[in-house]
Amino acid sequence: QTHENLELLLVDDGSTDGSTEIARRYAERSPQKVRYLEHEGHENKGAAASRNLGMSEASGEYIALLDSDDVWLGYKLEEQVAILEAHPEAGMVYGQSQYWHSWTTKPEDAHRDHVPKLGVPTDNLFEPATLSRIVHPLGPATAPCPSDLLLRRSAVERVGGFEEAFRGMYQLYDDQTFLAKMYLHEPVYVADKCWDRYRQHPDQLVSVVRDAGQQHTVRLAFLRWLAEYFYAQGVDEPELWKLLQEKLLQTSNRIQTRHSRDDERRIRAKDTR
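Counting starts from 1 at the beginning of each chain's written sequence and moves along it residue by residue. Local features in this predicted model are restricted to residues whose pLDDT is 70 or higher, and side-chain atom pairs enter the listing and the counts only when it is 80 or higher, whereas totals over whole chains, interfaces and linings include all residues. Each side-chain value is worked out from all heavy atoms of the structure, with water and hydrogens disregarded.

Focus: the overall build of the chain
- Each helix is a run of H or I in the DSSP string that is no shorter than four residues. Each strand is a run of E no shorter than two, and both are numbered from the N terminus. Assigned secondary structure in the chain consists of nine helices and eight strands.
- Restricting to contacts in the chain with at least 6 residues of sequence separation, those with at least 24 account for 76%. What makes two residues a contact is simply this: any of their non-hydrogen atoms within 4.5 Å.

Dropping the structure here:
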């Protein structure tokens, strides 16, 4: 990174390969810059708990996240820090992400890389609750990738970090629980810049959940959590509640339709035996 005033916290979420030793070696080699963290008993606790652990140990004013399969571009931190310095009221900044297929070096993936449109006015500061209405999952605009975020530490502390109950397949929405809290309570700056590469591969959670046919079940669990969160926070915005109710009904109907199709397939299979 061109921004060199940083600490690197390597969070080990119960690794069973050689990652633990590699991370420890880097921490031993650069103890002033790199720290190794793990959960008690080398337990696997999921992404939300691991992010919370790293954020709780961070000492800087700003916090950036980097998932193990993604890549930051070299000027990410320098440019994002400059934005938050210029907008001290902002709790978070994000931009665009490159959906990265060409990392495989396969000819068929060479031209698949793309940067989706964000769907919101860029180089713009959004007041609290504005992005709640227009960004996924309640709105049509593209949600940011966790590896693209730069967070103000004080804002993270105000909203309470990530929701650790979202584990297993429900981890698909652990970033959305955090973003929902940030959108609701903090001003957010959206930039017209690409700062990271979001690696696309069949083992990423979104692909695993979709292949298992559980994407609507997971989405419904998140939407129910969001309804409880809005209620607990005393949200009194009819438009937000209307959007949420529409998404709850839509997702419930999709699950019911899938179950009906599954029942029809079972009946057909039984009839052919």
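Now that the structure has been shown, the text picks up again.
Comments concerning the packing of helix α6 (residues 174-185) against helix α8 (residues 215-232)
- Running from N to C, α6 and α8 cross one another at 30°; their axes reach a closest spacing of 11 Å. Of the possible angle classes, the one that applies to α6 and α8 is roughly parallel. In the crossing of α6 with α8, the sense of the turn from one axis to the other is right-handed. From α6, Q176, T177, A180, K181, L184 and H185 reach across to α8, where they touch F222, W225, L226, Y229 and F230. Inter-axis angles, ranging from 0 to 180 degrees, are taken between N-to-C directions of lines fitted to C-alpha atoms, where helices are fitted over the stretch in contact. Under this scheme an angle from 65 to 115 degrees is roughly perpendicular, one under 35 degrees roughly parallel, and one over 145 degrees roughly antiparallel; angles in between are oblique. Each crossing gets its handedness from the near helix: less than a right angle anticlockwise from the far helix is left-handed, clockwise is right-handed.

A short note on the environment of Y231
- By the element assignment, Y231 lies in helix α8.
- Burial here depends on accessible area, computed with a 1.4 Å probe over protein chains only, as a share of the maximum for the residue type. Under 20% is buried, over 50% is exposed, and the range in between is partly exposed. Given a relative accessible area of 69%, Y231 falls into the exposed group.
- In this structure, the C-alpha to C-alpha distance between Y231 and R35, residues 196 residues apart in sequence, is 39 Å.

Side note on the side chain of Q98
- Considering the arrangement of structural elements, one finds Q98 in strand β5 (residues 92-100).
- If we skip the residues at most four places from it in the chain, Q98 touches D113, H114, V115, C194, D196, R197 and Y198.

Focus on the pairing of β5
- Of all nine residues in β5, nine are buried; the element is thus mostly enclosed.
- By the bridge criterion, two bridges tie β5 to strand β7 (residues 150-152) in an arrangement that is antiparallel. Bridge pairing links M92 to L151 in β7.
- Inspection of the sheet shows β5 paired to strand β8 (residues 188-199) by eight bridges, in the parallel sense. Note that in β8 the partner of Q96 across the bridge is C194. Strand pairing follows a simple DSSP-based rule, namely that at least 2 bridges must link the two strands.

Digging into helix α2 (residues 47-57)
- Across the eleven residues that make up α2, a large majority, nine, are buried.
- All of the buried residues in α2 are A47, A48, A49, S50, R51, N52, L53, G54 and M55.

A closer look at the packing of aromatic side chains
- Working definition: rings of Phe, Tyr and Trp (its six-membered ring) pair if their centres are within 6.5 Å, and the pair is stacked with planes under 30 degrees apart, edge-to-face with planes over 60 apart, and tilted otherwise. On inspection of all chains with the given rule, the structure shows seven aromatic pairs.
- When the ring of Y173 is compared with that of F222, the centres are 5.0 Å apart and the planes differ by 25°; the resulting orientation is stacked. Taken together, the positions of Y173 in the loop between α5 (153-159) and α6 and F222 in helix α8 put the pair 49 residues apart, joining distant regions of the chain. Here the two residues Y173 and F222 agree in accessibility, since each one is buried.
- Each residue in the set F166, Y173, F222, W225 and Y229 is aromatic and connected to the rest through ring pairs, giving one cluster.
- The ring centre of Y26 lies 4.9 Å from the NZ or CZ of R29, which sits over that ring. Lysine NZ or arginine CZ positioned within 6 Å of the ring centre and within 35 degrees of the ring normal marks a charge as sitting over the ring.

A word on the nonpolar core
- Nonpolar cores are built from buried Ala, Val, Leu, Ile, Met, Phe, Trp, Tyr and Cys residues. Side-chain atoms within 4.5 Å join them into one set. In terms of nonpolar packing, the biggest core is built from 29 residues, with M92, Y94, V120, L131, V135, L151 and V190 touching the most fellow members.
- Going through the elements one at a time, α2, β5, α5, α6 and β8 are the ones with two or more residues in this core.
- Looking at which element gives the most residues to this core, the answer is α6, with four residues.
- Not counting residues up to four positions away in its chain, the partners in contact with V135 are Y94, V120, A141, T142, A143, P144 and Y183.
- By size, the runner-up hydrophobic cluster in this structure holds 19 residues, among which are A129, L184, W225 and L240.

Quick notes on helix α3 (residues 76-86)
- Residues of α3 that are buried: K76, L77, Q80, V81, I83 and L84. One side of α3 carries all its buried residues, which in axial view fall inside an arc of 160°.
- Contact partners of the buried residues in α3: β3 (62-64), β4 (71-72), β5, β7 and β8. Note that the arc is defined by the directions from the helix axis to the C-beta atoms.

A word on the environment of I255
- Its place among the elements puts I255 in helix α9 (residues 238-271).
- With 38 residues separating them along the chain, I255 and T217 place their C-alpha atoms 6.9 Å apart.
- Residue contacts for I255: discarding those within four places in its chain leaves H216, T217 and L220.

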